[in-house]
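Fold and geometry: a report
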Amino acid sequence: MKVKYKCSRCGEIHDPQTLIYRCPCGGLLDIAEFDIDFPLDKIKQRTPSLWRYEEALPFSKSQQVTLGEGFTSMVTMDNSDNVFLKMDYMMPTLSFKDRGASMLITAAKALHVKRIVADSSGNAGTAIAAYAAKARIKCDIFVPASTSPNKLSQIKAYGAKLHLIPGTREDTADAAIKEVEASGSFYASHVYNPFFYQGTKTYAYEIWEDMNGNVPDAIIVPVGNGTLLLGTYYGFKDLHDKGLIPSIPKFIAVQAEGCAPLFKAFQSGAQEIEPLEPKETQAEGIAIANPARHHQILQVIKETGGEMIAAPEQKIEDARQELAYKGFFVEPTSAATYAGYLTYVAQQGNPIKNLTTVIPLCGAGLKAIK
Ligand SMILES: *Cc1c(COP(=O)(O)O)cnc(C)c1O
Ligand SMILES: [Zn+2]
């Protein structure tokens, strides 16, 4: 394998062949830096998928486990020429998680893994189940028992073994880790496994290519575990390190009011998050009470001069309706992102409307029907 893991705490390098999901010191694993390149003339001639950025990805063409994910279109909102919606719900499993799942399952296949275990609030599990099916790897998915029924049907449709866990999202993660440790399976976690972020980083590359080598002033990002936020940051950082963009956009991160541990930490300037009892939130996809990568997430928001927004619960359904009336049918978690954007505009005033901004629509409406 061309890349190695690097511990975010002690800096130790590990071979992915070890199949570990954390450093023995307890630190989270990242991917150690490797050589990348953006040969735009070649990229432009390739098929419209995230694998077109081949020279910036950790796997060769022959290793790819792909369902044609990525290169989603970006459309302007209303008649604005500077506020864009990026349509990540138009993916093989109908959410942005396909970016990460394609890369993660490509890694699992390259490591000759026979069985994987993953936990999720729904969409990551769905994506991982689909790519595992494509790679013919056995797959067990753990989700909270309260997950939207359509997501459960979709996971089962791919042939994954589904485990419904009563209690919180954290109880689900604990059950999955227990199974990983008992069975010696590969932990295909979108939170812990750093290959996932090698997929989500293409979100930034696509925005850059779509804007003809420019980047927006600000990007709005939903944040639960931070897989889109961190991946997008890594993507822009790659382009910046290569001298291809003058600066990295501001990250405006959105949590739902009912479960907003990062928002609270950011407001109070704390390095650590207060463990909180998750209240009810309609945004099930970002209901993460204790995100493992909270240090990294808060760092990105600070470093880019960004902001954290809490989307009011009572605005989420209205936001979903408003998007649908514009022709975009998304799940409540995605509507929360849009509600967050509207809250940000209301807080900061009209100048925000003049910034070039990208808002992701991450999950399709049919995933969560009332
Ligand atoms: C997973 C997901 C999110 C949040 O992503 P994180 O990686 O947990 O921050 C947001 N919206 C949708 C639709 C999702 O599926
Ligand atoms: Zn370590």
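Computed from a predicted model, the values in this text were never measured in an experiment. (Residues numbered from 1 in each chain as written. Chains lettered and ligands numbered in written order. Predicted model: local features only at pLDDT ≥ 70, side-chain atom pairs only at ≥ 80, totals over all residues. Heavy atoms only, no water.)

**Considering the packing of helix H7 (residues 202-210) against helix H8 (residues 227-241)**
Between H7 and H8, whose axes approach to 6 Å, the crossing angle comes to 50°. Regarding the angle of H7 to H8, the classification is oblique. Taken together, the residues of H8 that come into contact with H7 (itself represented by Tyr203, Ala204, Tyr205, Ile207 and Trp208) are Leu228, Thr232, Gly235, Phe236, Asp238 and Leu239. Its residues assigned to classes, the contact of H7 with H8 shows 8 nonpolar, 2 polar and 1 charged. (Axes fitted to C-alpha atoms, helices over the stretch in contact; angles between N-to-C directions. Helix = DSSP H or I, 4+ residues; strand = E, 2+ residues; numbered from the N terminus. Parallel < 35°, antiparallel > 145°, perpendicular 65-115°, else oblique. Contact = heavy atoms within 4.5 Å. Nonpolar A, V, L, I, M, F, W, Y, C, P; charged D, E, K, R; others polar.)

**A look at the sheet that holds strand S10 (residues 218-222)**
On the basis of which strands lie adjacent, the open sheet formed by 6 strands has the order S4-S5-S13-S10-S11-S12 and mixed pairing. Whereas interior strands pair on both sides, the edge strands pair on one side only; in this sheet they are strand S4 (74-76) and strand S12 (307-311). Adjacent strand axes in the sheet meet at a mean angle of 25° when their direction is disregarded. Helix-sheet contacts for helix H9 (residues 261-268) involve strand S11 (250-256) and S12, and the interaxial angle to S12 is about 135°. (Pairing = 2+ DSSP bridges.)

**Here's the deal with the coordination of the zinc ion (ligand 2)**
Distances from the zinc ion (ligand 2) to its protein donors, Cys7 (SG), Cys10 (SG), Cys23 (SG) and Cys25 (SG), fall at 2.3 Å. Relative to the metal, the 4 donor atoms surrounding the zinc ion (ligand 2) lie at angles of 104 to 118°, and the coordination shape comes out tetrahedral. Motif for the zinc ion (ligand 2), donor spacing along one chain: C-x2-C-x12-C-x1-C. Highlighted residues: cysteine 7 in strand S1 (residues 5-7) and cysteine 23 in the loop between strand S2 (13-14) and strand S3 (29-31), separated in sequence by 16 residues. (Donors = N, O, S within 2.8 Å, 3.2 Å for Na, K, Ca; no water. Tetrahedral: all angles 85-135°; square planar, octahedral: opposite > 155°, others 65-115°.)

**Observations concerning the pattern of salt bridges**
Any two side chains of opposite charge can pair if their charged atoms end up close together. Taken as a whole, this structure holds 17 salt bridges when the rule is applied. A salt bridge links arginine 169 to aspartate 119; the nearest nitrogen and oxygen atoms lie 2.9 Å apart. In this pair, arginine 169 sits in helix H5 (residues 169-183) while aspartate 119 sits in strand S6 (residues 115-119), placing the two residues 50 residues apart along the sequence. Summarising the burial analysis for this pair, arginine 169 and aspartate 119 share the class buried. For lysine 151, the salt bridge is made with glutamate 331, and the minimal N-O distance between the two is 2.8 Å. Here lysine 151 is found in helix H4 (residues 149-157), whereas its partner glutamate 331 is found in the loop between helix H11 (313-325) and helix H12 (332-348), with 180 residues between them in sequence. Assigned by exposure class, lysine 151 and glutamate 331 land together as buried. (Salt bridge = Lys/Arg side-chain N within 4 Å of Asp/Glu carboxyl O. Buried < 20%, exposed > 50% of the residue type's maximum accessible area, 1.4 Å probe, protein only.)

**Describing the side chain of histidine 163**
Here histidine 163 shows up in strand S8 (residues 161-165). By relative accessible area, histidine 163 is classed as buried at 19%. For histidine 163, the residues in contact, after removing those within four places along its chain, are Asp140, Ile141, Phe142 and Val143.

**Concerning the site of ligand 1**
In the neighbourhood of ligand 1, 17 residues make up the surrounding shell, with Lys97, Asn123, Asn225, Gly226 and Thr227 lying closest. A distance of 2.4 Å separates an oxygen atom of ligand 1 from a polar side-chain atom of threonine 227. Protein chains shield 98% of the accessible area of ligand 1, which is 380 Å² for the free molecule. Listing elements by their share of the shell around ligand 1, those giving two or more residues are H8 and H12. Looking at the shell around ligand 1 residue by residue, the class counts come to 6 nonpolar, 9 polar and 2 charged. (Near = heavy atom within 4 Å. Polar contact = N/O pair within 3.5 Å; in protein donor to acceptor, adjacent residues only side chain to side chain. Areas by Shrake-Rupley, 256 points an atom, 1.4 Å probe, with all protein chains shown as cover.)

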